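Architecture and fold: a report
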Amino acid sequence: MDESRMFLSIVVPVFKEEKNVPEFLRRIVPLLEQVTPDFEIIFSLDPSPDRTEEVILEHRQRDPRVKLLAFSRRIGQPMATLAGLQYSRGNAVIVMDVDLQDPPELILEMVAKWREGFDVVLAQRRSRNDEPWVRRVVARAAYWTIRRIAEVDIPENTGDFRLMSRRVVDEINRLKECHGYLRGLVSLVGFKQTIVQFDRPARFAGQTNYPLIGSMKIGLNGLLCFSTAALRLSSIFGFITAGFSFLLGATYLLLKLVGYPIVWGNPTLVILIAFLAGVQLISVGILGEYMGRVYDEVRMRPKFIIDRAVGF
C-alpha cells in the first residue's frame, strides 16, 4: 500500500447536534491532517429540527472536505451509518459519533493498526462509568447474551466506533440485511481484526438522542438477526411446560392412590392457566419478532432515500 496516497473517510451520523459539530471539526481536522491531507468527513444527517444542517454547510464553505448526506425522512442511526459507508470512497473508513465520546485522538492509533495490516480496528470502552447504572446493567446483560448465542463474535463494550479497510466496507455494502446492526455485520464479514481500548469521556454538549429503548431495539437486532437461539428457546419452554404438566399429573395421581385428599380450588387452576398462557404468549412473541424481520427483508424496500448529497 502506498501510504502517501492514503484517502481517509470519516462517517458521522448526526441528529440534533448543532452544538457538537463545531467542536468536533475543530478537534478532528488537525488530527486527520497529521495522517493524510486527503480525507473526507461525511455527515449523515437525519432531518433535524435545529440548525445542524446549517452549521455543517457553514463549515463546508470553509473546508470542501466536509460533506453532507441529508435524508428524505428520519431513518435512524444504523441506516444513516450504512448510507455514509455507501457514499464513502476512502481506502480506510472510520465510523464515529459527533458528541466527542468517541475521542478523535484515537484515530492516530487506529490508523497505525490499519497500516500494520489489520482490516478492522475496533474501539473498545474500558468502562461505562459515564452512563446511568440502568443502562450499564442492560448493556452488560445484552453483550453477555449476544456473545453466548450469536453466530458471530461481537466483542463486549464496542459500539460503532471503528476503522474498516476498503474491502471490508465493500463487503458490508454488498450485504442485503436491512437492520443495520453494524457490529454484527462487521463480525459477519470477518477479515483480520484487532482492538484498541480507551476511556470514554463525557458528552461534549447536549443530551443523548438515543434513549434506553432505542439501544435495546438495536441490541434485539443483534440477538435475533445473528442467531436462531430464541426459536430454540420457544421449544425449550414447550418441553419444560409439558414436563411440568406431566409431573403435576403424576403427583396428583400418586396422592389419589395413597388416599391423600386433594384440594383443587380456583387458585390451582388460575396458576396453571396463567403459566401456560404466559409460555404461549412468549413463544408467539418470539416467532413474531422473527417474522417481522423476515417481512422487512422480503419487501426489499430501499434502506434510505437521499434528499441532498452535498460535496459528492
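Our structure's up above, just so we're on the same page.
Residues numbered from 1 in each chain as written. Predicted model: local features only at pLDDT ≥ 70, side-chain atom pairs only at ≥ 80, totals over all residues. Heavy atoms only, no water.

Quick notes on the overall build of the protein
When you go through the protein residue by residue, the secondary structure sums to 10 helices and eight strands. Looking at the 312 residues of the protein, the share that counts as buried comes to 44%. Summarising the internal contacts of the protein: among those between residues at least 6 apart in sequence, 81% fall at separations of at least 24. By element, 60% of the accessible surface of the protein is carried by carbon and sulfur atoms, the whole surface being about 16700 Å². (Helix = DSSP H or I, 4+ residues; strand = E, 2+ residues; numbered from the N terminus. Buried < 20%, exposed > 50% of the residue type's maximum accessible area, 1.4 Å probe, protein only. Contact = heavy atoms within 4.5 Å. Areas by Shrake-Rupley, 256 points an atom, 1.4 Å probe, with all protein chains shown as cover.)

A short note on the packing of helix 1 (residues 21-35) against helix 4 (residues 106-115)
Helix 4 packs onto helix 1 with a crossing angle of 25° between their chain directions and a minimal axis gap of 10 Å. Judged by the angle between their axes, helix 1 and helix 4 are roughly parallel. As for the relative orientation of helix 1 and helix 4, their crossing is right-handed in sense. Residues I28, L31, L32, Q34 and V35 of helix 1 touch helix 4, and the partners they reach there are I107, L108, V111 and R115. Partitioning the contact of helix 1 with helix 4 into residue classes produces seven nonpolar, one polar and one charged. (Axes fitted to C-alpha atoms, helices over the stretch in contact; angles between N-to-C directions. Parallel < 35°, antiparallel > 145°, perpendicular 65-115°, else oblique. Left-handed = near helix turned anticlockwise from the far one by under 90°. Nonpolar A, V, L, I, M, F, W, Y, C, P; charged D, E, K, R; others polar.)

What about empty space enclosed by the protein?
For the structure on display, the rule yields one cavity of 30 Å³ or more. Size it by volume and the largest cavity reaches roughly 40 Å³. Around the largest cavity sit L82, Q86, I172, N173, L185 and K303, which together line it. Put simply, the parts of the chain that give the lining of the largest cavity at least two residues each are helix 3 (77-87) and helix 6 (166-174). Classifying every residue of the lining of the largest cavity by side-chain character gives three nonpolar, two polar and one charged. (1 Å grid on protein atoms, 1.4 Å probe; cavity = no way out; pocket = protein on both sides within 12 Å on 5 of 7 lines; lining within 4 Å. Points joined across faces, edges and corners; volume = space filled by probe spheres on them.)

Some remarks on unusual backbone geometry
Positive phi, close to 55°, is recorded for K16, a residue that is not glycine. Residue placement: K16 occurs in the loop between strand 1 (8-14) and helix 1. Judged by relative accessible area, K16 falls into the partly exposed class, the value being 39%. A positive phi angle, close to 70°, is found at F191, a residue other than glycine. As for its placement among the helices and strands, F191 is situated in the loop between helix 7 (182-189) and strand 7 (193-198).

Here we look at helix 2 (residues 52-62)
Regarding helix 2, the residues found buried are T52, V55, I56 and H59. On an axial view of helix 2, the arc spanned by its buried residues comes to 100°, and they lie on one face. The inward-facing, buried residues of helix 2 contact strand 1, helix 1, strand 2 (39-45) and strand 3 (66-71). (Arc of directions from axis to C-beta.)

Here we look at helix 4
It helps to recall that an α-helix has 3.6 residues per turn; residues three or four apart then point in one direction. Turning to helix 4, its buried residues are L106, I107, M110, V111 and W114. When helix 4 is viewed along its axis, its buried side chains cluster within an angular range of 135° and face the same direction. Residues of helix 4 that are buried in the fold lie against strand 1, helix 1, strand 4 (92-95), strand 5 (120-125), strand 6 (158-165) and strand 7. Backbone geometry just after helix 4 places G117 at a positive phi near 120°.

A few points about the pairing of strand 3
Each regular strand displays side chains that alternate between the two surfaces of the sheet. The element strand 3 is extensively covered by neighbouring structure, given that six of its six residues are classed as buried. Here strand 3 shows two buried faces, one formed by V66, L68 and A70 and the other by K67, L69 and F71. One crossover worth recording links strand 2 to the parallel strand 3 by way of helix 2, and it is right-handed. Here strand 3 pairs with strand 8 (residues 306-310) via four bridges, running antiparallel. When the sheet's bridge partners are listed, L68 is paired in strand 8 with V310. (Right-handed = clockwise from strand over helix to strand, strands pointing away. Pairing = 2+ DSSP bridges.)

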